[in-house]
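So the chains spell out like this:
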Amino acid sequence: MNGAKFLVICEETCPECKGAGVVSNELYQKLAEYRQAWKREHPGATVAGQLAADDEWMLEKGYLPAKWPAEEWECDECAGLGKRRRQVELKEALNELGKTSKPTGQ
Ligand SMILES: [Zn+2]
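Residues numbered from 1 in each chain as written. Predicted model: local features only at pLDDT ≥ 70, side-chain atom pairs only at ≥ 80, totals over all residues.

**Some words on the environment of Tyr28**
At step 1: Considering the arrangement of structural elements, one finds Tyr28 in helix 1 (residues 26-41).
At step 2: You can call Tyr28 partly exposed: it has 14 C-beta atoms within 10 Å.
At step 3: A sequence separation of 44 residues divides Tyr28 from Glu72, and the C-alpha atoms of the two residues are 9.3 Å apart. (Helix = DSSP H or I, 4+ residues; strand = E, 2+ residues; numbered from the N terminus. Buried ≥ 20, exposed ≤ 12 C-beta atoms within 10 Å, placed from the backbone.)

**Digging into the packing of helix 1 against helix 2 (residues 47-60)**
At step 1: Contact geometry for helix 1 and helix 2: axes closest at 11 Å, N-to-C directions at 135°. Classified by the angle between their axes, helix 1 and helix 2 sit oblique to one another. The two elements helix 1 and helix 2 meet at a crossing, and its hand is right-handed. Contact residues: Leu31, Tyr34, Arg35 and Trp38 in helix 1; Gln50, Ala53, Asp54 and Trp57 in helix 2. (Axes fitted to C-alpha atoms, helices over the stretch in contact; angles between N-to-C directions. Parallel < 35°, antiparallel > 145°, perpendicular 65-115°, else oblique. Left-handed = near helix turned anticlockwise from the far one by under 90°. Contact = placed C-beta atoms within 7 Å.)

Now the structure itself:
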């Protein structure tokens with residue numbers, strides 16, 4: 001055994017994208033919130049008015065019309081797979097399994 005280490009591969013859901021394989025740009029979540037607030041303040045506004053307000057908001061964030069950033073992109077952490085693999089020591093893996101596994105009867 002002379003210092004031999006047993007290693008296993010642990011595959012887990014990517015913590016960065018939660019398994020989706022893509023990461024969403026938070027900017028668009030904020031834009032959606034801004035839109036709702038804007039609509040409340042401007043009842044009966046036209047679609048063109050809404051779009052102009054969107055453009056203005058994006059411009060405030062530093063993005064020119066038609067130069068908006070991507071809404072989502074492939075996750076760097078897992079290269080879009082949604083899963084991540086890492087090597088762990090068998091000892092560590094068994095320890096972790098002992099903590100998290102529940103008897104399922106399978
Ligand atoms: Zn990921």
